Amino acid sequence: MFKQKKKSFKEADTASLVSQRRDRQNMAEPNHKLHVTVFPWLALESTTDVPETHIGYLKKAFDGLSEPFSEYLQASKPDWIVYDILHYWVPPIAEKLGVRRALFCTFNAASIIVINGPSSIMINGRDPRKTVEDLMDPPPWVPFETNVAYRPFEARRIMEYPTAGVTGAELNDSYRTGLAYAGSEVIAIRTCMELEPEWIQLLGEIQGKPVIPLGLLPAKATDDDVDDDIIEWLDRQRAKSVVYVALGTEVTVSEEEIQGLAHGLELCGLPFFWTIRKASVFLPDGFEERVKGRGVVRAEWAPQGRILSHGSVGGFVTHCGWGSVVEGLSFGVPLIMFPCNLDQPLVARMLAGMKIGQEIPRNERDGSFTSVSVAETIRQVVAEEEGKIYRGNAGSMQKKVFGDKRLQDQCVDSFIKFLENQRAGM
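Given the structure is predicted, the values throughout are model-derived calculations rather than measurements.

Scanning the chain from N- to C-terminus turns up 19 helices and 11 strands. Taking all contacts inside the chain whose residues are at least 6 apart in sequence as the whole, residues at least 24 apart take part in 67%. With the model as given, the accessible surface of the chain reaches about 19300 Å², and the carbon-plus-sulfur share is 50%.

Quick look at the packing of helix α12 (residues 255-268) against helix α17 (residues 371-382) now. Their axes nearest at 7 Å, the elements α12 and α17 cross at an angle of 50°. By the angle between their axes, α12 is oblique relative to α17. Viewed along their axes, α12 and α17 form a crossing whose handedness is right-handed. Of the residues in α17, those touching α12 at Gly 260, Leu 261, His 263, Gly 264, Leu 265, Leu 267 and Cys 268 are Ser 371, Val 372, Val 374, Ala 375, Ile 378 and Arg 379. Of the residues contributing to the contact of α12 with α17, the split by class is eight nonpolar, four polar and one charged.

With that out of the way, let us pick up the nonpolar core. Proteins that are soluble and globular tend to have nonpolar side chains buried together. Phe 39, Phe 69, Ile 112, Ile 113, Trp 199 and Leu 351 are the most contacted members of the largest nonpolar core, which has 82 residues in total. If we ignore the near neighbours within four places in the chain, the residues touching Trp 199 are Ala 109, Ala 110, Ile 113, Val 114, Val 142, Phe 144, Thr 146 and Val 148. If you look at the next biggest cluster of nonpolar residues, it comprises 28 residues, including Phe 272, Leu 283, Ala 375 and Ile 378.

Viewed as axis vectors pointing N to C, helix α15 (residues 322-330) and helix α16 (residues 344-353) meet at an angle of 30°, and their least axial separation amounts to 10 Å. Overall, the two elements α15 and α16 adopt an arrangement that is roughly parallel. In this structure, α15 uses Trp 322, Val 325 and Leu 329 to contact α16, whose residues at the interface are Val 347, Met 350 and Leu 351. A class-by-class count of the residues in the contact of α15 with α16 yields six nonpolar, no polar and no charged.

Turning our attention to the sheet that holds strand β4 (residues 186-189). A sheet is described by the order of its strands in space; here five strands give the open sequence β1-β2-β3-β4-β5, paired in parallel fashion. Two strands bound the open sheet, and with one partner strand each, they are β1 (36-39) and β5 (211-213). For this sheet the average axis-to-axis angle between neighbouring strands, irrespective of direction, equals 25°. The pairing of β1 with strand β2 (residues 80-83) spans four bridges and is classified as parallel. By the bridge assignment, Thr 37 is partnered in β2 with Ile 81.

Before going further, it helps to spend a moment on the pairing of strand β3 (residues 100-105). Taking burial as the measure, the six residues of β3 include five buried ones, the bulk of the element. In the sheet, β2 pairs with β3 via four bridges, with the strands oriented parallel. Each bridged residue has a counterpart across the sheet, and for Ile 81 the counterpart in β3 is Arg 101. In this region the chain leaves β2, passes through helix α4 (residues 90-96) and returns to the parallel neighbour β3; the handedness of that crossover is right-handed. Here four bridges tie β3 to β4, and the two strands are oriented parallel to one another. Bridging from a neighbouring strand, Leu 103 pairs with Ile 187 of β4.

Rules of the game
- Residues numbered from 1 in each chain as written.
- Predicted model: local features only at pLDDT ≥ 70, side-chain atom pairs only at ≥ 80, totals over all residues.
- Heavy atoms only, no water.
- Helix = DSSP H or I, 4+ residues; strand = E, 2+ residues; numbered from the N terminus.
- Contact = heavy atoms within 4.5 Å.
- Areas by Shrake-Rupley, 256 points an atom, 1.4 Å probe, with all protein chains shown as cover.
- Axes fitted to C-alpha atoms, helices over the stretch in contact; angles between N-to-C directions.
- Parallel < 35°, antiparallel > 145°, perpendicular 65-115°, else oblique.
- Left-handed = near helix turned anticlockwise from the far one by under 90°.
- Nonpolar A, V, L, I, M, F, W, Y, C, P; charged D, E, K, R; others polar.
- Core = buried A, V, L, I, M, F, W, Y, C linked by side-chain atoms within 4.5 Å.
- Buried < 20%, exposed > 50% of the residue type's maximum accessible area, 1.4 Å probe, protein only.
- Pairing = 2+ DSSP bridges.
- Right-handed = clockwise from strand over helix to strand, strands pointing away.

Next up, the structure:
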């Protein structure tokens, strides 16, 4: 699921690709403005704040919006609805009202293919992968060799992941996603052909739909709401020496894992800035005092883009959420990867294959790791001669793909042209 600020349907429409309303009476006019409504996942907070046993109730509450959404869509009459992959009841409503349908996937193509597969399999519950061992190999619908697969402890987490807190197929993520794909007319995805062309092509073949890469949609670094003390601290550090640590808002990290990462940061000897999601996280006794001056721990929101864009930052310890990875690499920062669940291990495998970062070694059976391995991986990627390949490749990929604004703008422009040319009645 995706973290989004709660929006009314009116606000979501205003935030769409082109936000000018028009009446159906103007459809005969050849130059009427494109009208697109964007319907994201709606949430007041991160889904990690909801107990796993209650996620089903969140979905059930969300599904209660189907009737008011139908009324909104009938009144606003957009050309297209762009919707999230869990919005399985949107396509039939839109189709009935003559609104064209585009599914927006915020995952990268390789991950979504390995996780899901053809829509018919998702809808009918016929995924042939039934065991931990099955998930450790690429799925049968991937025809080429790849290292994008789960390790034993990751596969076990996937098998144990709760799909619903209350019973009902409509609350199962796979079922919802399958219907969302099946009801779409085009798939828009946050990636680009320069990064994973074979996976994008395969996604279209599997789902039987045109797939349009939207580009990576990198965030822009701004000075808005940036505390002066953060920038002043970064300014005092040597170029490319700081390790930025952030494990996202949708990740549950155990106390043991937090302690291991903390000891590793202490051992690495490099300056670091660690953004922790909750102040209640238990750090090792005396940790902050021992790293005082060299390390900063911030238990509140921090301007991630502004920090990653600073010249002192030389490495990014990340959970490998696709959005975080894109943000880091758009500034050419090499990755120290600590994937936790769902798509994150798959993203890590793909990027490790490109040698733009290195995973922290973990026991493949139980996922355990040592603070020494954390320290060694950080130092190698950020400071040591052996890690030059990661630093060089991250910089190269920034220029060629992740930070190429012209390339990213072309992807968005192509999608808008597709929507304009494929409106109903044209």
